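Structure at a glance
So the chains spell out like this:
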Amino acid sequence: MSLLTVNGIKKSFGGLKALNDVNLNVEEGTVHAVIGPNGAGKSTLLHTFVGKLKPDEGAILFNGDAVLGKDPTQINQLGISRVFQTPEIFAELSMLENVMIPALAKEDGTFTINPLGAAMNRRSIRERAEHALEDVGLADKMHGTAANQSRGDKRRLELAMCLVQNPRLLLLDEPTAGMSRTDTNNTIELLQKIHSRGMTKVIIEHDMHVVFSLSTRISVMAQGAVIEEGTPEQIKASARVQEAYLAGNTGEE
Amino acid sequence: MTAQLSNNPAADIDNGFSFLGLRMTRRDAMGAALFAVAILLLPLLMLPFNGSAPSTVYQIAIFGIFAIGFNILFGLTGYLSFGHAAFVGIGSYAAIWSLKLLTLNIIPALIVGPIAAGLIALPIGWLTLRRSGIYFSILTLAFSIMLFIMAFSVFKDITNGQDGQRTSQFDVRVIDDVFGWNQPVGKTRDEVTAANAALSEWNRELAALKRTNPEINGRPVDWGTLNDFTIKNMQEAGLQISTRPDQLARPSIPEFFGTPMNRGYTNFYICAVVLILTYIFATLLRQSSFGLMLLAVKTNQTRMDYMGLKPKRYTLAAFVISAMFAGLAGALFVAMDPNAPPDRMEWTESGKVVIMNILGGMGSVVGPFIGALIVKYFGNIISSIDVSRLTHTIEETLPFPAFIEWPIAHLPHLFVGEGWELGMGLVFMLMVIFLPGGGVSLWQRWTRRTKRLFLISFGLIYVIYVIDRFLLGNALPGWTMFLPLVAFVVYAIARPILSWRARQAAKRTGGEDPNAGDSAAGKDPAPGSDDSAVADPVAVLTRKPTDPSAPAPASA
Ligand SMILES: Nc1ncnc2c1ncn2[C@@H]1O[C@H](COP(=O)(O)OP(=O)(O)O)[C@@H](O)[C@H]1O
Ligand SMILES: [Mg+2]
């Protein structure tokens, strides 16, 4: 079943056509990678999914619901969470508090805080936040202030903030950018672990090693359009992609 | 998980008290207890400072309530309102009308005040919170000035303009009449009823006469000066008016179930109890999920959008709650002194509460109260300095020619006496530049030794005061008491400078820093990190919510 359907999305900035008729189908339970050279429009595409940018044309359906016309808050409530390219976290708060906030948001189905009820559920909220931090390997740092953490840890924190809401669709924008090799491998392991829960994911990634280790389906973007789509094997074999983009850099050599 | 927690300095999150799902950690509970004791003893503690008159201490308490409530908006969400004095005014007017129309008992007044302020804050907050930062501040300022002007024009009947609204013995007071409270002393109920009936009969007669637009000697009757003499004149002129029946004098001083607010320290202790409850409320709120959301608003609203939260709900709630505390403060002012003047709504008053928050240290619960104490107390002291005498003394002592002496001698005019607000502004500016965290952050910066010295020198004030008063019979001049504190201030200023110079010297000679072990900068313990709650009681009060070493919010 198709969880996310993107139909003929167009978006231009001034004269620049950042997205030029993009079509995409993300099946439930898959890890769908979107790859492509810098400036291909990958981040812009993701922005339209979460309501950060409004496309000029086209339609986006999530689980049958129209996404366009909703604000970021409502889109998150449908079950879409996203990790940003530069981590968006609550810098002044502790790691635990950072994760408790989305947990609290999800706990109450209406995404409002019922003061008394929220106070009553505090222990279970906190336990869920602690579990999410454990999942991403930050359990020992949970009382530290978020601002003081390394870049990699901030990314992992943001991932925990998304995971604690248990979204149906998780969007990751270059989760390993700027990471060391070890950190990258840790992140791959982490994402593989999460995958076993069957959460659908869209990953934008530069690093082919990451892409081929994680994804079950790949879309290749160039100059604002999807030029090829298929399984990792098909993509690796595709002469067009080889030519246009991969150029011998399959990450598996 | 548990093992990990107990290794953490923040382990006490799991100790503490829980009621109705609201939690208080041990540290917070200790802080609240300490605060309560200090407040209840405030009149005694202020004795050496010549500031223990009931009206001084109750004003400090009321401003404390205002400032702590304001901090729920400013300190937690970071939204700086420049219009909260308007809500103090609204609380005042609502309370005075409760005293006039319902009962002189202060409890309904204290309930009506915050509710009125909250109801008016709701639409104002809804509008102003569409913007943030400086735009929000300007919008709130504009709204408060609008309300201030409306108090003089559209609502003049309610506010009585510049003179302010007061209670009087002729007020209707429905609840008082039903329950027979606050009636004329020494009369039976039937006598009171009869007298009231006679008075209203006479009032009807008067109203009937007014409708005829009578004239005396060709001039319309001046109804403004109606007393026994003018009534007699009217009767002699042949107008249909009988002699006014005797009025039974009813009290007009607000009271608390029989105790009037002008007796002893009753007024202060009522304010003190409300202040302590406000403190506890603010502590609980900060530890609650709602408080966490307010801190989230301050830190990153974008993130909240993308996790399904609507920041405005929380900012609006915080706005209304802080306005209700402002209204409560306004109601308390009126309950203590039954007069509601419009000056309370002026925008300078809004500025004062901002200054209190910044001086004391926003973000912590006790900081705003300390700011209120400093502004209120020093405001009183500095504004009461006799500048002319000071000028005279300077001119007498300085040996310079007049044209040099004059500007020097007149300089204090700008900053003390009537110019005290300029003096306060100067202190505020220096504070914001050199100590942006406020008084609370100063405490957190000190080493343990400095903290101890401060507490000792502060305690010495009381020791000297007691010795002087009870053993020497007030023989010492007033300023001697403050010598220990002055010595401490000199020490606190000189020490970092000296140790800095010593470090510079050591650097030049390439040697070891002689002061490395205990210099103020070198061995500054993170607040609360090595000071256990028992060893450092004030740290309990001054802990900030975002303090990394502080316990994370408790779970229930
Ligand atoms: N807000 C914006 N305003 C103008 N141009 C933009 C904006 N966002 C992205 N672009 C442009 O759109 C193109 C696609 O950008 P982006 O989606 O960030 O690419 P990437 O695939 O590297 O993530 C780039 O040429 C970029 O400069
Ligand atoms: Mg990008």
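Reference entry: report on the structure contained in this document. (Residues numbered from 1 in each chain as written. Chains lettered and ligands numbered in written order. Predicted model: local features only at pLDDT ≥ 70, side-chain atom pairs only at ≥ 80, totals over all residues. Heavy atoms only, no water.)

Turning our eyes to something else, we now look at the overall build of chain B. When helices and strands are tallied, chain B shows 25 helices and eight strands. Counting every position in chain B, which comprises 556 residues, the buried fraction comes to 46%. The contacts of chain B with a sequence gap of at least 6 include a subset with a gap of at least 24, amounting to 72%. Taken as a whole, chain B presents about 27100 Å² of accessible surface, with 66% of it coming from carbon and sulfur. (Helix = DSSP H or I, 4+ residues; strand = E, 2+ residues; numbered from the N terminus. Buried < 20%, exposed > 50% of the residue type's maximum accessible area, 1.4 Å probe, protein only. Contact = heavy atoms within 4.5 Å. Areas by Shrake-Rupley, 256 points an atom, 1.4 Å probe, with all protein chains shown as cover.)

With that settled, the discussion passes to the pattern of salt bridges. In a structure, side chains of opposite charge can pair up when their charged atoms sit close to one another. Residue and element names in this part refer to chain A. Going through the model one piece at a time under the given rule, you end up with 16 salt bridges over all chains. Residues Asp-207 and Arg-181 are paired through a salt bridge, measuring 3.7 Å at the closest nitrogen-oxygen approach. Remark: Arg-181 occurs in helix H7 (residues 181–195) and Asp-207 occurs in the loop between strand S8 (200–204) and helix H8 (208–214); sequence separation between them is 26 residues. Overall, the relative accessible area of 22% leaves Asp-207 in the partly exposed class. Given a relative accessible area of 49%, Arg-181 falls into the partly exposed group. Several salt bridges converge on common partners, so that one network encompasses Lys-141, Asp-153 and Arg-156. (Salt bridge = Lys/Arg side-chain N within 4 Å of Asp/Glu carboxyl O.)

Below, the discussion takes up the site of ligand 1. Residue and element names in this part refer to chain A. Near ligand 1 the following residues occur: Phe-13, Leu-16, Ala-18, Asn-38, Gly-39, Ala-40, Gly-41, Lys-42, Ser-43 and Thr-44. Asn-38 is positioned with one of its side-chain polar atoms (N or O) 3.4 Å from an oxygen atom of ligand 1. Between an oxygen atom of ligand 1 and a main-chain N or O atom of Ala-40, the distance comes to 3.2 Å. For ligand 1, whose accessible area on its own is 560 Å², the fraction buried by protein is 59%. Elements that contribute at least two residues to the shell around ligand 1 include exactly strand S2 (16–27) and helix H1 (42–50). Examining the composition of the shell around ligand 1, we find that three residues originate from one element, H1, more than from any other. Among the residues forming the shell around ligand 1, the class breakdown is four nonpolar, five polar and one charged. (Near = heavy atom within 4 Å. Polar contact = N/O pair within 3.5 Å; in protein donor to acceptor, adjacent residues only side chain to side chain. Nonpolar A, V, L, I, M, F, W, Y, C, P; charged D, E, K, R; others polar.)

As a further point, take the sheet that holds strand S7 (residues 169–173) of chain A. All names here are of chain A. In space, the six strands of this open sheet follow the order S6-S7-S8-S3-S9-S10, with mixed pairing throughout. On the outer flanks of this sheet lie strand S6 (80–83) and strand S10 (225–230), each paired with one strand and no other. Neighbour to neighbour, the strand axes of the sheet diverge by 20° on average, direction disregarded. Its contacts with the sheet place H7 against strand S3 (31–35), S7 and S8, and it is angled at close to 155° to S8. (Pairing = 2+ DSSP bridges. Axes fitted to C-alpha atoms, helices over the stretch in contact; angles between N-to-C directions.)

What follows concerns the sheet that holds strand S1 (residues 2–13) of chain A. Residues and elements named next belong to chain A. If you trace the four strands from one edge of the open sheet to the other, you get S2-S1-S4-S5, paired in antiparallel fashion. For this open sheet the edge positions go to S2 and strand S5 (65–66), each flanked by a neighbour on one side alone. In the packing of H1 onto the sheet, the strands contacted are S1, S2 and strand S4 (57–62), and the crossing angle to S2 comes to about 65°.

Turning our eyes to something else, we now look at helix H6 (residues 106–128) of chain B. Residues and elements named next belong to chain B. For H6, built from 23 residues, the straight-helix expectation of 33 Å at 1.5 Å per residue is met to within 8% by its first-to-last C-alpha distance of 32 Å. Residue Ala-121 marks the point of greatest curvature in H6, where the axis turns by about 30°; the proline Pro-123 follows within four residues. Here H6 has its buried residues at Ile-106, Ala-109, Leu-110, Gly-113, Pro-114, Ala-116, Ala-117, Gly-118, Ala-121, Ile-124, Gly-125 and Thr-128. On its buried face, H6 is in contact with helix H5 (85–101), helix H7 (133–152), strand S6 (255–256), helix H12 (266–287) and helix H15 (311–336). Put simply, Asn-105 is the residue that caps the front of H6, since its side-chain oxygen is 2.9 Å from the backbone nitrogen of Ile-107. (Expected span 1.5 Å × (residues − 1). Bend = angle between axes of the 7 residues up to and from the residue.)

Here the focus is the packing of aromatic side chains. All names here are of chain B. A complete count under the given rule lists 28 aromatic pairs over all chains for this structure. Aromatic side chains Phe-35 and Phe-369 sit 5.3 Å apart centroid to centroid with 85° between the ring planes, which places their arrangement in the edge-to-face category. With a gap of 334 residues between them, Phe-35 in helix H2 (residues 26–40) and Phe-369 in helix H17 (residues 366–383) connect regions that are remote in the sequence. When sorted by exposure, Phe-35 lands in the same class as Phe-369, which is buried. Ring centres of Phe-49 and Phe-482 lie 5.5 Å apart, and the angle between their planes is 45°; on these two criteria the pair is classed as tilted. Taken as a pair, Phe-49 in the loop between helix H3 (42–45) and helix H4 (54–77) and Phe-482 in the loop between helix H23 (448–470) and helix H24 (483–509) lie far apart in primary sequence, 433 residues in all. One aromatic cluster is present, formed by Phe-49, Tyr-377, Phe-378, Trp-443, Trp-446, Phe-454, Phe-458, Tyr-462, Phe-482, Phe-488 and Tyr-491 through successive ring pairs. Positioned over the ring face of Trp-97 is Lys-100, at 5.5 Å from the centre of the ring. Over the ring of Trp-126 we find Arg-130, and its NZ or CZ is 4.5 Å from the ring centre. (Phe/Tyr/Trp six-rings, centres within 6.5 Å; stacked < 30°, edge-to-face > 60°. Lys NZ or Arg CZ within 6 Å of the ring centre and 35° of its normal.)

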